[in-house]
Amino acid sequence: MGKVQEKKQQKRQALLDAAYELFMERGQGKTSIDNIVNRARVAKGTFYLYFADKESIAQALIWRISDKLFDQGLAHVKAQGEMPFLERVLALADYLIEELSRDTVTLRLIRHSLRWPRVDELEENGQPSVLLAKIFEVMRGCPELQGQDELELYRRLTAIVSMCVSVCYSCVIEHRPDTLEHMKPVLYDIIRMSL
C-alpha cells in the first residue's frame, strides 16, 4: 500500500474511531458530523470523501462491530472443542447475547441492525467474505451436516442471529416482555426446533 492510500485509510479510520467514541458518549442522535470531524481532526470535506451522511458512518461502525463480535463468537465456539452443530449454534447465540447484554451502549447502537454476512456477498464476488468463509468452515466441520445445503443452513442461522439480537434488545433495553434470563430458555427452545 502506498503512502497516499495509507493516509486515506488513516483518515477514514480516524473518522470511524471518532464517530464510535461520540456515539458511545452521546448517542447517535446527539452527535453531529461537525462533532465527528472535530474529534477526528479532519476537514468536513474529508468526511464526505468517505461517507455520504451520518447514517452511512453509523452503518460502517455497525459492520465493524458486527465483524468483530462474530469473529470473537466463532473463536469462542471453536475453543469449546468438538460438539454437535446444534450445540455450536447455541454456544454462538449465548456468546452474542451475553456480550451484547454487557455492553448496552453497543446494543443500543446496533439495535436491530447487527450486520451478518449476506449471501449476496458470496454471489457477487464468487467468494465468501472472510467471516462467511469461517461460518461455512464451522458448518462443514459438523458430521451431522454432511450432504445438507450450506446456504439453507446459513439462512436459518441468519434468522437465529436476528432473533437473538431482537430478544436481547427487547429484554435488556426495553425490559420486555420479560427478563433476559427468563427469555433465554424460550429462545433456545425455538433455536433447537428450527434446526
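Cut-off values and rules
Residue indices follow the written sequence of each chain, beginning from 1 at its first position. Restriction of local features to residues with pLDDT of at least 70 applies here, the model being predicted, together with a cutoff of 80 or more for giving and counting side-chain atom pairs; totals for whole chains, interfaces and linings are based on all residues. Side-chain numbers come from the whole structure's heavy atoms, not from hydrogens or water. Segments assigned H or I by DSSP are reported as helices when at least four residues long, segments assigned E as strands when at least two residues long, and all are numbered from the N terminus. The classification of residues rests on relative accessible area computed with a 1.4 Å probe and restricted to protein chains. Under 20% of the type maximum is buried, over 50% is exposed, and intermediate values are partly exposed. Two rings from Phe, Tyr or Trp (for Trp, the six-membered ring) form a pair when their centres are within 6.5 Å of each other. A pair whose planes differ by under 30 degrees is stacked, one over 60 is edge-to-face, and the rest are tilted. Note that patches include only residues with greater than 30% relative accessible area and no salt bridge, and the join distances are 9 Å for like charges and 5 Å for nonpolar side chains (Val, Leu, Ile, Met, Phe, Trp, Tyr). Areas reported as accessible are Shrake-Rupley estimates using a 1.4 Å probe. Residue values count occlusion only from the protein chains shown. Any carboxyl oxygen of Asp or Glu within 4 Å of a side-chain nitrogen of Lys or Arg constitutes a salt bridge here. As a rule, the C-alpha atoms of each element are fitted with a line to give its axis, helices using only the stretch in contact, and angles between N-to-C directions run from 0 to 180 degrees. Should an angle lie under 35 degrees it is considered roughly parallel, over 145 roughly antiparallel, and from 65 to 115 roughly perpendicular; all remaining angles are considered oblique. Handedness of a helix crossing follows the sense of rotation of the near helix relative to the far helix, less than a right angle counterclockwise being left-handed and clockwise being right-handed. The criterion used for residue contact is that any of the two residues' heavy atoms lie within 4.5 Å. Following the grouping adopted for this structure description, the nonpolar residues are Ala, Val, Leu, Ile, Met, Phe, Trp, Tyr, Cys and Pro, the charged ones are Asp, Glu, Lys and Arg, and the polar ones are all others, Gly among them. For a helix, the expected span equals 1.5 Å multiplied by the residue count minus one. For the purposes of these results, a polar contact is taken to be a pair of N or O atoms within 3.5 Å, where, inside protein, one atom must be able to donate a hydrogen and its partner to accept one; residues adjacent in sequence count only when each atom of the pair is a side-chain atom. Joining through side-chain atoms within 4.5 Å is the link that ties buried Ala, Val, Leu, Ile, Met, Phe, Trp, Tyr and Cys residues into a set, and such a set is a nonpolar core. Note: pLDDT gives the predictor's confidence per residue, expressed from 0 to 100.

A. Representation of the overall build of the protein. Of the regular secondary structure elements, the protein holds 10 helices and 0 strands. In the protein, the succession of helices and strands from N to C terminus is α-α-α-α-α-α-α-α-α-α. Expressed as lengths along the three principal axes of its C-alpha atoms, the size of the protein is roughly 55 × 45 × 25 Å. A buried classification covers 39% of the 195 residues belonging to the protein.

B. Expanded view of the packing of aromatic side chains. In this structure the tally under the stated criterion is 2 aromatic pairs. Geometrically, the ring pair formed by Phe-47 and Tyr-48 is edge-to-face, given 5.2 Å between the ring centres and 80 degrees between the ring planes. For Phe-47, a relative accessible area of 0% translates into the label buried. Aromatic side chains Phe-47 and Phe-51 sit 5.6 Å apart centroid to centroid with 45 degrees between the ring planes, which places their arrangement in the tilted category. Grouped by ring-pair contacts, the aromatic residues Phe-47, Tyr-48 and Phe-51 constitute a single cluster.

C. Representation of a nonpolar patch on the surface within the structure. Side chains of Val-186, Ile-190 and Met-193 sit close together on the surface and give an oily, nonpolar patch of about 300 Å² of accessible area. Of the residues examined, Met-193 reaches a relative accessible area of 68% and is grouped as exposed.

D. The packing of helix H4 (residues 54–79) against helix H5 (residues 85–102), seen in detail. Packing of H4 against H5 brings their axes to within 9 Å, and their N-to-C directions diverge by 135 degrees. By the angle class used here, H4 and H5 are oblique. Remark: the crossing between H4 and H5 carries right-handed chirality. Of the residues in H5, those in contact with Leu-69, Phe-70, Gln-72, Gly-73, Leu-74, His-76 and Val-77 of H4 are Arg-88, Ala-91, Leu-92, Tyr-95, Leu-96, Glu-99 and Leu-100. Per-class residue counts for the contact of H4 with H5 are 9 nonpolar, 3 polar and 2 charged.

E. Highlighting H4. Helix length check: H4, at 26 residues, gives a terminal C-alpha distance of 37 Å against a target of 38 Å (1.5 Å per residue), a fit within 8%. Listing the buried residues of H4 in full gives Ile-57, Ala-58, Ala-60, Leu-61, Ile-62, Ile-65, Ser-66, Leu-69, Phe-70, Gly-73, Leu-74 and Val-77. With a side-chain oxygen positioned 3.2 Å from the backbone nitrogen of Glu-55, the residue opening H4 is Asp-53. Just past H4, the residue Gly-81 takes up positive phi, approximately 85 degrees.

F. Layout of the nonpolar core. Judged by nonpolar contacts, the single largest core of 61 residues is most densely connected at Leu-15, Ile-36, Ile-57 and Ile-191. Listed by contribution, the elements that provide at least two residues to this core are helix H1 (3–26), helix H2 (33–40), H4, H5, helix H6 (104–110), helix H8 (130–140), helix H9 (150–172) and helix H10 (180–194). The leading source of residues in this core is H9, at 12 residues.

G. Local environment of the environment of Val-172. Here Val-172 shows up in helix H9. Of the residues examined, Val-172 reaches a relative accessible area of 19% and is grouped as buried. With 16 residues separating them in the primary sequence, Val-172 and Arg-156 have C-alpha atoms 24 Å apart. In contact with Val-172, not counting residues within four places along its chain, are Ser-101, Thr-104, Leu-107 and Leu-180.

H. Representation of the confidence of the model for the protein within the structure. The predicted model of the protein has a mean per-residue pLDDT of 86, with 91% of residues at 70 or higher. For the protein, helix H7 (residues 119–125) is the element with the lowest average pLDDT, namely 60, and H2 is the one with the highest, namely 96.

I. Representation of the side chain of Lys-184 in the model. Among the secondary structure elements, Lys-184 is positioned in helix H10. Of the polar contacts made by the side chain of Lys-184, one reaches the side chain of Glu-98; its length is 2.5 Å.

J. Up close: the pattern of salt bridges. A full pass over the atoms with the stated rule returns 11 salt bridges. Here Arg-64 and Asp-17 are joined by a salt bridge, their closest N and O atoms 3.1 Å apart. One end of the pair, Arg-64, is in helix H4; the other, Asp-17, is in helix H1, and 47 residues separate them in sequence. Judged by its relative accessible area of 31%, Asp-17 is partly exposed. When the shortest N-O distance is used, the salt bridge between Asp-94 and Lys-184 registers 3.0 Å. With Asp-94 in helix H5 and Lys-184 in helix H10, this residue pair connects regions lying 90 residues apart in the sequence. For Asp-94, a relative accessible area of 28% translates into the label partly exposed. A network of salt bridges, in which partner residues are shared, links Asp-94, Glu-98, Glu-99, Arg-102 and Lys-184.

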